[in-house]
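# Fold and contact review
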Amino acid sequence: MADNDRMDKLVSLCKRRGFVFQSSEIYGGIGSVWDYGPLGVELKRNIKDRWWRAMVHARDDIEGIDAGILMHPRVWEASGHVAGFTDPLVDCRTCKARFRADKLLDAQCPQKPSKHPGEHSTCDLTEARQFNLMFRTFMGPMEDTAAVVYLRPETAQGIFVNFLNVLQGSRQKVPFGIAQIGKAFRNEITPGNFIFRTREFEQMEMQFFVRPGTDDEWFERWRALRWQWHLDLGIRPERLRWHQHVHGELAHYAKAAFDVEYEFPFGWNEFEGIHNRTDFDLKRHQEYSGKKLEYFDQEKNERFVPYVIETSIGADRCALVALCDAYDEETVEGETRVLLRFHPQIAPIKAAVLPLVKKDGMPEIAERLYHDLKGRFAAFYDDGGSIGRRYRRQDEAGTPFCFTVDGQTKEDGTVTVRHRDSLQQERLDLSRVPAWLTERVGA
Ligand code: GAP
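Let me sum up the structure you'll find in this document. (Residues numbered from 1 in each chain as written. Predicted model: local features only at pLDDT ≥ 70, side-chain atom pairs only at ≥ 80, totals over all residues. Heavy atoms only, no water.)

### Topic: the pattern of salt bridges
- Enumeration according to the criterion identifies 44 salt bridges in this entry.
- Here Asp 124 and Arg 93 are joined by a salt bridge, their closest N and O atoms 2.9 Å apart. Of this pair, Asp 124 sits in the loop between strand 5 (98-100) and strand 6 (129-132) while Arg 93 sits in the loop between strand 4 (86-91) and strand 5, and the two are 31 residues apart along the sequence.
- Under the relative-accessibility criterion, Arg 93 is labelled partly exposed at 47%.
- Through salt bridges with shared partners, a single ionic network connects Asp 328, Glu 330, Arg 337, Arg 341, Arg 392, Asp 395, Arg 418, Arg 420 and Asp 421. (Salt bridge = Lys/Arg side-chain N within 4 Å of Asp/Glu carboxyl O. Helix = DSSP H or I, 4+ residues; strand = E, 2+ residues; numbered from the N terminus. Buried < 20%, exposed > 50% of the residue type's maximum accessible area, 1.4 Å probe, protein only.)

In structure tokens form, the structure reads like this:
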């Protein structure tokens, strides 16, 4: 399958099956904002839950927070975003399109035949100028007197400004981390590739505060832990690789940075960054706020500003990785079977319950099983259409297990379990279904 074709099919499946819709579609849509439908919201929530469990619940040395999207405007001066969170922008005077000056080779001029901007004789590009990616808005009722505030372009700053609050309110000692999941906004010049680059998205970020001098070691530890998290999510290792930032690529705050890249149908691209941010952010916030952001090590009787190791991943981009990695087509008995091979723990629906036919007491037993499962798992009941078609619908939704109540159920109290990936079927005692499912998808 050609890769463009694969992406087109995935996008169309996402819309058809209710994973992702274009925002405000009935008004013609709005650029690069997407809405998650019933299946998509479950997928993204499962990814976020897995991240939160691994980063916060499973560890004693990380605390969670949920900071505001709007922050004091000085935060963004201190962080460097007001001065430097910019991309170089060029306009074409002929076709009025806008491009990132440093990504012209990735862009298409709207004129035909298809060429890069600047390559048609009629292209007339302006000089590049810096464009700040932060969304600005006004706090207060009167625009002219109100303060300009920004929609946060990253969640990280909400963590830095709460460093002391969390330290004082918890019993943590350095090294320890603060984790957060939340919305971020960037007025990207060239968003695109579905939910890969959008103007509104969610980040899952963790800043780990360490003693200077131990930062290189912690950086490597976090690299290993995050890599394993992706493998545990079931992502194919051959579609994952590291990209190390070399000198000119490093952000102004970073001493070292590695991206985790995935081979999307549109090429290799990063979806998580691990950064050694040094003491840059805490020191800048000290300077701009006038508040000391130091740690006092009682054992050593020593004060210092911690270094920060950051792990930062987009929940939407991670959902796209999960979708691209799970999408598969195969021929079964002469027909194409489209399926999403999600890891059972992130599958939007864990179990479908299906009576083989709508008679002979089968729906009653199936409904009982469904209600029994529903309180504990995302389950789905379907009695419409042939059993083959119902299985196919669940394959497209990525449901790992279907439980079918058939003629034998009434006789011996067993149901058929049909496995999405292998298509194998086995029989299971009705009473064992919840425990069997718990073993495979978690509670
Ligand atoms: N605090 C560091 C930081 O924000 P980043 O590399 O700019 O670093 C981290 O962003 C992650 O956020 C990216 O790896 C990506 O997954 C996600 N992300 C960034 N911009 C995005 C966008 N426009 N749309 C969707 N996800 C985005």
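### Section: the sheet that holds strand 16 (residues 307-314)
- Pairing is mixed in the open sheet, where seven strands are placed in the order 3-9-10-16-13-12-11. Unpaired on one side and paired on the other, strand 3 (62-65) and strand 11 (240-244) mark the two borders of the sheet. The mean angle between the axes of side-by-side strands here comes to 25°, regardless of whether they run parallel or antiparallel.
- As judged from the ten bridges shared by strand 9 (residues 176-185) and strand 10 (residues 200-210), these two strands associate in the antiparallel manner. (Pairing = 2+ DSSP bridges. Axes fitted to C-alpha atoms, helices over the stretch in contact; angles between N-to-C directions.)

### Concerning the packing of aromatic side chains
- For the coordinates displayed, the defined rule picks out 20 aromatic pairs.
- Residues Trp 242 and Phe 258 carry aromatic rings whose centres are separated by 5.7 Å and whose planes lie at 85° to one another, so their mutual orientation is edge-to-face. You can see Trp 242 sitting in strand 11 and its partner Phe 258 sitting in strand 12 (residues 256-264), a full 16 residues away along the chain.
- Judged by its relative accessible area of 27%, Trp 242 falls in the partly exposed class.
- On the basis of relative accessible area, Phe 258 is assigned to the buried category, the value being 12%.
- Considering the side-chain rings of Tyr 262 and Phe 271, the 6.5 Å spacing of their centres and the 80° angle between planes classify their relative orientation as edge-to-face. Like Tyr 262, the residue Phe 271 is buried in the burial classification.
- Feature note: the residues Phe 196, Tyr 262, Phe 264, Phe 266 and Phe 271 constitute an aromatic cluster, connected by ring pairs.
- When the ring centre of Phe 196 is taken as reference, the NZ or CZ atom of Arg 317 above it lies at 3.7 Å. (Phe/Tyr/Trp six-rings, centres within 6.5 Å; stacked < 30°, edge-to-face > 60°. Lys NZ or Arg CZ within 6 Å of the ring centre and 35° of its normal.)

Purely geometric numbers; function is a separate question.
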